[in-house]
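Understanding the architecture of this molecule
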Amino acid sequence: MSEEKKLFKVTIDNITVDVEPGTTILNAARMIGGDVTPPAMCYYSKLKNSGGKCRTCLVEVAAGSTADPRPMPKLVASCRTTVMDGMIVKNITSDRVLDARAGITEFLLLNHPLDCPICDQAGECHLQDLSYEHGKEGTRFEFQKRIFKKHDLGEYIQLHMTRCILCYRCVFVADQLTEKRVHGVLDRGDHAEIATYISKSLDNDFIGNVIDVCPVGALTDKTFRFKNRVWFTKPVDAHRNCSKCCGEVQLWMRGDEVFRVTARKDEWGEVKDASDGRPGWICNECRFDKKDIKDWTIDGPSKINRHSVISQGHYVGVKKPTDFLPEVMGGRGPKLLMDIHKVSEVNRPEIELSKIEGPAHSDDFKGSK
Amino acid sequence: MGVKLLLEKAHVEGIRHYDVYRREGGYRAVEKALKTMSPDAITEEVKKSGLRGRGGAGFPAGMKWSFLAKPEGVPRHLVCNADESEPGTFKDRYLMEFLPHLLIEGLIIASYALGSNATYIYIRGEYAWIPDILERAIAEAKANGWLGKNILGTGFDCEIYVQRGAGAYICGEETALIESLEGKRGNPRIKPPFPAVKGVWDRPTVVNNVETLAAVGPIINIGGEEYAKIGVGRSTGTKLISACGNINKPGVYEIDMTISVEEFIYSDEYCGGIKNGKKLKACIPGGSSVPILPANLLLKTAKGDTRLMNYESLADGGFATGSSMGSGGFIVLDEDQCVVKHTYTLARFYRHESCGQCSPCREGTGWMEKILKNIEMGKGKMSDIDLLWDIQRKIEGNTICPLGDAAAWPVAAAIRHFRDEFEWHINNPQECLTRNYGLAHYADPIHVPTTA
């Protein structure tokens, strides 16, 4: 018997990849990356059994497999559907998917406050990203949103249930990282809430990770809340010797001041594995107590790619996302609706406005004297 | 008089107790099955009978049984779904309350066929008095050697346990039921894996409705082929219908699926006509989740044929002009009923019962309820109708479990067939608080296009 594993061929939006059997559609799409990857609000690859709940990652399966090429009748949750050999998946090339995703985004925003400017998560909020890409410009919801009081879950974590989208990630963190889970979901439907039942505090060494997994501003770090906007702080990789966790973290700094400590995240906003292969979860001591630059050995600026407004800062090592559009469209480029030089009476064809250094000057246009 | 299999002995005095039930020929089927048939032969017999799941989806029961994974050394389970929470449905309650031994007989045979040594009845919390009846019946059966170790000397062991739910509609969904049975929060699981592979405690499991399992006894008694001769087409055997609403004789009726809807509503044998001599306006033929139909489409299909009380005929025309057999909760609305208010009531129910796990159902059901309440209270806008349509369209098919679909369909059907009643509500915000739209044209004969 040969040890060689048979790989499955799966085509997502006209791009074919070879993946190992048992891979989910979402993870196959993440191998391609870029726009082809469906958004995921509840799935978290490091947490077992997560996913399937938010429905933002719904995709259309146009052909089940080579053996059985029938399409699947319903849209499927790509995070919980494994690929078959010869499967053809449509994500951004399917109108049904885009329509459903716009619907899901609208549903998620129904009871979510639209006050990003005063929310501490703004700038690194997955729901913000999702609404930017798939949301509509206006709301059709004309009723009172559901509102909860803010709760302190212990000394370090604040829960603002009003912002919660019930992704269950924090419940999985408590289940899988800590010895005893003391919080969960109470009640049901749109009045369901994350709670500890009788305002118990969450004090386990690893419970701080619920802040990192929360896709929205429902669980926030009380040692950082409203101290600074994330896009003003600079992410720096650092490490220390920690007896409890891997000690590899990201410091969010301004000057020499450490504002916040989080786990290192990958391009999907998930906690990265540490350099020794262990999961990169960090302990409460590293997260909340070590806010002095002297506690840490700096490794250098973090590599930021794609994720939200943070990549808009001109950090070292910013990676531009790959443009998959020509490949998705089968080799065709996007259709040029008009050539600006043909319709504009002021442009000068020899000057590419997007490529000039600094702001445009009147000399860059025709008719200037 | 139609054939009766389930309720044949329902009116015998004391049939609830073992002695009377046994005297009337009870447990014959268990004897026949365990002594003369192999487990596979029983499954084959059920397949031949064409028995379809009576819980609502109508999936062939024998097929479901044959899908059960049978890995070596892993226990398998049969779970009886007695979480009958669909508004308008109360047939299982009747069976369990008055004929508990009929269910237990079916459970023993099915457990034998599937190889389940521990079988569970998951019953909704609101049926607070029924677990006592079932447990007493189980004790009687055990005392007489029908349960326990080495039943009838066949070497087959079986115990039946009754587990009460805490009162959640969602726990009638089979994977939510399994979660709840395991002692967890009743959230539906994401499928696959299906219960037939990973069910209770990750063991292969079959979940069947009470009525489906109760029908197994009679099938073994008369034989699958004989059972399949009752009814028409793929609607075989008999079905319990729980009729309620504005009718003279609400109650549970056993039909053989050959009678017409008109006969069922108006004949004295069944519902006995509309109460107080009123006119029929609309009807939900299969429990609150299935589309509501106006009187004209209920009695005749869009093609002009008479609509019969069976799976195929009720579903004739798809959701555009048909409905569904569902769980058999037959809700009749007379001319004084308001479809808007009715739809609002259902939307409120689904909002209350949504588990909140996946976003379309959690948020969408609440939104629909709020809009419908506005329309009902005379505060609606014309654009609300299209908005409702758009919301239900975005819930349907995009959720983890069928509760999302069940919440979307009644709203969709009400708008599809009763749009002018919604519009009247919006155009007459004062009047709609004091009177109803009435029968209007909903019972008028429909125009059937003639085909050459």
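Definitions and cut-offs
- Residues numbered from 1 in each chain as written.
- Chains lettered and ligands numbered in written order.
- Predicted model: local features only at pLDDT ≥ 70, side-chain atom pairs only at ≥ 80, totals over all residues.
- UniProt positions renumbered as here; feature names shortened; annotations may be inferred.
- Helix = DSSP H or I, 4+ residues; strand = E, 2+ residues; numbered from the N terminus.
- Rg over C-alpha atoms; globule rule 2.2 N^0.38 Å.
- Buried ≥ 20, exposed ≤ 12 C-beta atoms within 10 Å, placed from the backbone.
- Contact = placed C-beta atoms within 7 Å.
- Pairing = 2+ DSSP bridges.
- Nonpolar A, V, L, I, M, F, W, Y, C, P; charged D, E, K, R; others polar.
- Axes fitted to C-alpha atoms, helices over the stretch in contact; angles between N-to-C directions.
- Parallel < 35°, antiparallel > 145°, perpendicular 65-115°, else oblique.
- Left-handed = near helix turned anticlockwise from the far one by under 90°.
- Core = buried A, V, L, I, M, F, W, Y, C linked by C-beta atoms within 7 Å.
- Domains from an automatic or database assignment.

Labelled according to an unreviewed UniProt entry, chain B appears under the name NADH-quinone oxidoreductase subunit F, originating from Flavihumibacter stibioxidans. Taken from UniProt, the Sequence similarities (unreviewed entry) comment for chain B reads in full: "Belongs to the complex I 51 kDa subunit family." According to the UniProt record, the Function (unreviewed entry) comment for chain B is "NDH-1 shuttles electrons from NADH, via FMN and iron-sulfur (Fe-S) centers, to quinones in the respiratory chain."

Going by the annotation in an unreviewed UniProt entry, the name recorded for chain A is NADH dehydrogenase, with Flavihumibacter stibioxidans given as the source organism.

1. Some remarks on the overall build of chain A
Check the secondary structure of chain A and you find eight helices and 14 strands. Relative to a compact globule of 369 residues, whose C-alpha radius of gyration would be 21 Å, chain A shows 23 Å and is just as compact. For chain A, the C-alpha atoms occupy an extent of roughly 65 × 65 × 55 Å along the three principal directions. Taken over 369 residues, chain A has a buried fraction of 39%. Long-range pairs, those at least 24 residues apart, make up 61% of the contacts in chain A between residues at least 6 apart in sequence.

2. Considerations on the sheet that holds strand β12 (residues 329-334) of chain B
All names here are of chain B. Judged by pairing direction, the sheet is mixed, and its five strands sit side by side in the order β9-β8-β12-β10-β11 without closing on themselves. Pairing within the sheet leaves two strands with one partner each, and these edge strands are β9 (251-255) and β11 (293-294). One ladder, built from five bridges, connects strand β8 (residues 239-245) with β9; its direction is antiparallel. If you follow Ile241 over to β9, its bridge partner there is Tyr253.

3. Focus: the interface of chain A and chain B
Taken together, the 25 residues of chain A in the interface contact 23 residues of chain B. Top contributing element to the side of chain A that touches chain B by residue count: helix α2 (residues 95-110) of chain A, with six residues. Tallied by class, the residues present in the side of chain A that touches chain B amount to 14 nonpolar, four polar and seven charged.

4. Let's talk about the packing of helix α6 (residues 100-114) of chain B against helix α7 (residues 130-143) of chain B
Residues and elements named next belong to chain B. Taken N-terminus to C-terminus, the directions of α6 and α7 make an angle of 60°; their axes are 9 Å apart at the nearest point. Classified by the angle between their axes, α6 and α7 sit oblique to one another. Taken as a pair, α6 and α7 cross one another with a handedness that is right-handed. The segment α6 lies against α7, with Pro100, His101 and Ile104 engaging Ile133, Leu134, Ala137, Ile138 and Ala141. Of the residues assigned to the contact of α6 with α7, the class counts are seven nonpolar, one polar and no charged.

5. What to know about unusual backbone geometry
Across the junction of Lys191 of chain B and Pro192 of chain B, the peptide omega takes the value -5°, indicating a cis bond. Residue Pro193 of chain B is reached from Pro192 of chain B by a cis peptide bond, and omega for that bond is 0°. Turning to its location among the elements, Pro193 of chain B is positioned in the loop between α8 (174-181) and β5 (205-209). With a phi close to 50°, Asp13 of chain A is a non-glycine residue in the positive phi region.

6. Points about the nonpolar core
Judged by nonpolar contacts, the single largest core of 214 residues is most densely connected at Val210 of chain A together with Leu103 and Ile109 of chain B. Ranked by the residues each element gives to this core, the list is headed by helix α19 (residues 403-427) of chain B, at eleven residues. There are two domains that each give this core at least three residues, and those are domain 1 (8-105) and domain 2 (111-311) of chain A. Not counting residues within four places of it along the chain, the set of residues in contact with Ile109 of chain B comprises Ala29, Val30, Ala33, Ile42, Val216, Gly217 and Ile220 of chain B.

7. Observations regarding the environment of Ala406 of chain B
Residue and element names in this part refer to chain B. Tracing the chain through its elements places Ala406 in helix α19. In this structure Ala406 comes out as buried when scored by C-beta crowding, with 27 C-beta atoms within 10 Å. Each C-alpha atom, one on Ala406 and one on Pro285, is 14 Å from the other, the two residues being 121 residues apart in sequence. Among residues more than four places away in sequence, those in contact with Ala406 are Ser289 and Tyr350.

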